[in-house]
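A look at the structure
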Amino acid sequence: MKILIIEDNERVAGFLIKGLREAGHTTEHADNGRDGMYLAAGEKYDAVIMDRMLPGGIDGLTIIATLRSTGNKVPILILSALSDVDDRILGLKSGGDDYLAKPFAFGELLARLDALLRRSQDAMADNLLVLDDLALDRRSHKVTRGGKPLNLQTREFKLLEYLMRHANQVVTRTMLLENLWDYNFDPQSNVIDVHISKLRQKIDAGTSRPLLKTIRNAGYMLTSEQ
Amino acid sequence: MPHHQMHGSGSFRARLVRLFPRWFRNQLLASLLLNCAALAAFCLPLWYAWNNQIEEGRTDLILADARRLAADFRARGVDTLATRIHDRVGSNLNDTQQVIQLLAPDGARVAGNLPYVPPGAYQPNTGYAFRIEQQGRTKILSMALAELPGGYHLWVGRDTTRYVALERIFILGMGGSALIVFLFSAITAARTRRTMLNRVQAIDRTTAAIVGGDLSQRLHPAHADEEFDMLTGTLNGMLDQIVNLIQNVRHASNAIAHDLRTPLTELRSSLEHLSITRPPPEPTFDAIDHTIADVDRVIAIFNAIMRLAEIDSGTRRAGFKAFDLGRLIGEAVEFYAPVAEEAGIGLNHLGADGLMVRGDPLLVAQAIGNLIDNALKYAGSGSTIRIGASRDAGQVIIGVADNGPGIAPPYRDKVAERFFRLDQSRASPGAGLGLALVQAVAHLHGGALLLSDNGPGLRAAFMLKADSAELTPPEAA
């Protein structure tokens, strides 16, 4: 995938370029708002990583607003040191698709970027989600593993649904918090881990091929790959 | 330069202003106006009585006199009346208080002591005041005209010149009273000013010392003037608050420094260790993972501080909206339920369905989360946590109670302070900002956090001010 990075901090940009290339993406980089605007408007990218405060007289939100006003729907991940709730809301309102505050973990950024990249291909209307021998029916609220019905509570069902929608993608704890509970704060305990381990007991217990995996320093992934 | 020319008058003006500051002049003016009003209220009726009653009475007397003389004239003729007039008043105005003048139809004087009639048209039976100049002296006469048969005119009256002096005395008296009043006002104002000045200077000296850094200074109440004691009390309260704040800042800075220094120290030494020992790749990566965890701790503390600052600034109030508190609590309980189950702690939601609250749902959720989290951390296995909410007299109380070991009374007020951690909690993760956040959120919503004994255990009451007028359920969405 071709990613545009608009970031004025050289070290952060270099770190992003290196990390994204290792993850198999191609990148282009602009270190000021003017160049960023020029590239984003002129070329076709699969996603844009956008800093908010940029030199060159044009800030990130202005670029986003301009792109959106011309009908450009490229997924945009805002990366900013402005981390207040209001800043986040403003960023998403002006047309950003996701908002990540600095300092950030690269695993978190990669997971969110993946989610953005696949959003366009996502068939939201699918009522039957299948991964390997795990199947989830959204209409009847039934989950089966190898044909055997599993008894999930509502929240466990929602959690599994989210993981299946993002199958083969890393899903971070904050993504789960934001998308499933609407909490944008860090709960002091490892609550998410406990939720995951309960879900894991239900879907993976007694099978030789566990599907729900923990990705170190990042989060979780539901995948059939061993 | 004009500045130069103005200097002299400017300094004089400045001195005048210093001697008679604006408030002093205002007070003086006010007191003067008040006293003059009182004086006028006293004198004006007197003046009115004088003018109306006495003047009118005099006119009546004069008219009666005129009627008597007219009767004489009709009965005995003009000569008899002329003689009688001459007998009574002679021909000189200075001789007597009475003034009488009989005029022939052609206007010639027949008898009497009025030197002349000032020009003008006169009606009979009406009182007039004449100002007569005679031998260099001014006479004020009160006169009335009577018409006699045969075209004769008769002027009868009194010399009221001496009353002019009385009037003058009256006015002088009033002016004198006004002057005395003015003097008293000035003296009182000056005395008040000096007293106030002394008090203000005392306050000024103390506050200057405090500004200079001596925070132990306090103002002393005078016990004499209540207003100043009120002010003194307020100022002392303010000073206590400032000292409190400074101590808090100092305490918080120390705590931040301590809480950040610990992970930073660990971070630094592990990195240094790696750099010196150059271990093989595997242990190196393990060590790096540890250092990342250290950095994450620093970031978490930092985020918590930023969140507190954001709440304290009050900007989040702009985004207040009505939300279902019962549902919010239900979701929080559901969120923490697996953790409670794993820790062997009961988590009971007492239910508060449809309890609408106006506020920031995200912050309230975080606050409730922190309270549950705290209870889960410290209540201990086998205990039970109960969570409920109720509306009571203008406020909504969210209660989170456990039956664990609780907090000893002396520490109950302390635990909500920023970065305060009980010794037994030092080992568990967190920065000592959990309850501080709950308290800040409560303050943002016009409420408070109250910790009490649950006998046994801890009961945290998280209160929000509820203005019920705005608490209509939102449209079904």
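In case you missed it, the structure is sitting above this.
Residues numbered from 1 in each chain as written. Chains lettered and ligands numbered in written order. Predicted model: local features only at pLDDT ≥ 70, side-chain atom pairs only at ≥ 80, totals over all residues. Heavy atoms only, no water.

**Side note on the overall build of chain B**
- Counting its secondary structure elements, chain B contains 10 helices and 12 strands.
- Here chain B holds 477 residues, and 37% of them are scored as buried.
- Summarising the internal contacts of chain B: among those between residues at least 6 apart in sequence, 61% fall at separations of at least 24.
- Put simply, chain B shows about 27,600 Å² of open surface, and 59% of that area lies on carbon and sulfur atoms. (Helix = DSSP H or I, 4+ residues; strand = E, 2+ residues; numbered from the N terminus. Buried < 20%, exposed > 50% of the residue type's maximum accessible area, 1.4 Å probe, protein only. Contact = heavy atoms within 4.5 Å. Areas by Shrake-Rupley, 256 points an atom, 1.4 Å probe, with all protein chains shown as cover.)

**Section: the overall build of chain A**
- The secondary structure content of chain A amounts to eight helices and 12 strands.
- Of all intrachain contacts in chain A linking residues separated by at least 6 positions in sequence, the fraction that spans at least 24 positions is 58%.
- With an accessible surface of roughly 11,000 Å², chain A has 50% of that area assigned to carbon and sulfur atoms.

**Examining the interface of chain A and chain B**
- With 22 residues of chain A in contact, the opposing surface of chain B contributes 23 residues.
- Buried area between chain A and chain B, both sides added, is near 2,200 Å², and the carbon and sulfur share of it is 53%.
- Applying the counting rule to chain A against chain B returns three salt bridges.
- A salt bridge links Glu341 of chain B to Lys198 of chain A, with the shortest nitrogen-to-oxygen separation between them at 2.9 Å.
- Counting across the chain A and chain B interface gives four residue pairs in polar contact (both at pLDDT 80 or more).
- Split into classes, the residues belonging to the side of chain A that touches chain B amount to 10 nonpolar, six polar and six charged. (Buried area = accessible area lost by both parts, 1.4 Å probe. Salt bridge = Lys/Arg side-chain N within 4 Å of Asp/Glu carboxyl O. Polar contact = N/O pair within 3.5 Å; in protein donor to acceptor, adjacent residues only side chain to side chain. Nonpolar A, V, L, I, M, F, W, Y, C, P; charged D, E, K, R; others polar.)

**Focus on the packing of aromatic side chains**
- For the structure shown, the criterion picks out 11 aromatic pairs over all chains.
- Summarising the aromatic geometry, the rings of Tyr122 of chain B and Phe130 of chain B are spaced 5.4 Å apart at their centres and angled 55 degrees between planes, so their arrangement reads as tilted.
- When its relative accessible area of 3% is taken as the criterion, Phe130 of chain B is described as buried.
- When the ring of Phe130 of chain B is compared with that of Trp155 of chain B, the centres are 5.0 Å apart and the planes differ by 55 degrees; the resulting orientation is tilted. With Phe130 of chain B in strand β3 (residues 127–134) and Trp155 of chain B in strand β5 (residues 153–159), this pair connects stretches of sequence that are 25 residues apart. Note on accessibility: Phe130 of chain B and Trp155 of chain B belong to one class, buried.
- Put simply, the rings of Trp181 and Tyr183 of chain A together with Phe335 and Tyr336 of chain B touch in pairs and so form one group of aromatic residues.
- The ring of Tyr45 of chain A carries the charged tip of Lys2 of chain A above its face, separated from the ring centre by 5.1 Å. (Phe/Tyr/Trp six-rings, centres within 6.5 Å; stacked < 30°, edge-to-face > 60°. Lys NZ or Arg CZ within 6 Å of the ring centre and 35° of its normal.)

**Section: the sheet that holds strand β11 (residues 212–215) of chain A**
Residue and element names in this part refer to chain A.
- Strand order in the open sheet made by the three strands is β10-β12-β11, with antiparallel pairing throughout. The open sheet has two edge strands, β10 (171–172) and β11, and neither has a second partner.
- Where helix α6 (residues 154–165) meets the sheet, it contacts β10, β11 and β12 (219–222), and its direction lies at approximately 75 degrees from that of β12. (Pairing = 2+ DSSP bridges. Axes fitted to C-alpha atoms, helices over the stretch in contact; angles between N-to-C directions.)

**Regarding the side chain of Thr206 of chain B**
Residues and elements named next belong to chain B.
- Along the polypeptide, Thr206 turns up in helix α4 (residues 161–211).
- In terms of polar contacts, Thr206 uses its side chain to reach the backbone carbonyl oxygen of Ala202, at 2.8 Å.
- Once residues within four sequence positions are removed from consideration, Thr206 is found in contact with Gln217, Arg218 and Leu219.

**Comments concerning the side chain of Arg307 of chain B**
- As for its position among the elements, Arg307 of chain B is in helix α6 (residues 281–313).
- When sequence neighbours within four positions are dropped, the list of residues in contact with Arg307 of chain B reads Val85, Asn184 and Phe185 of chain A together with Leu362, Leu363, Gln366 and Leu437 of chain B.

**Comments concerning the environment of Gln201 of chain A**
- By secondary structure assignment, the location of Gln201 of chain A is in helix α8 (residues 191–204).
- When the C-alpha positions of Gln201 of chain A and Leu212 of chain A are compared, they lie 9.8 Å apart, and in sequence the two are 11 residues distant.

**Let's talk about the packing of α6 of chain A against helix α7 (residues 173–181) of chain A**
Residue and element names in this part refer to chain A.
- One can describe the packing of α6 onto α7 by two numbers: an axis separation of 11 Å at closest approach and a directional angle of 120 degrees. The angle between α6 and α7 places the two elements in the oblique class. Seen along the crossing, α6 lies across α7 with a hand that is right-handed. Of the residues in α7, those touching α6 at Arg155, Lys158, Leu159 and Tyr162 are Met175, Leu176, Asn179, Leu180 and Trp181.
- Class assignment for the residues of the contact of α6 with α7 results in six nonpolar, one polar and two charged. (Parallel < 35°, antiparallel > 145°, perpendicular 65-115°, else oblique. Left-handed = near helix turned anticlockwise from the far one by under 90°.)

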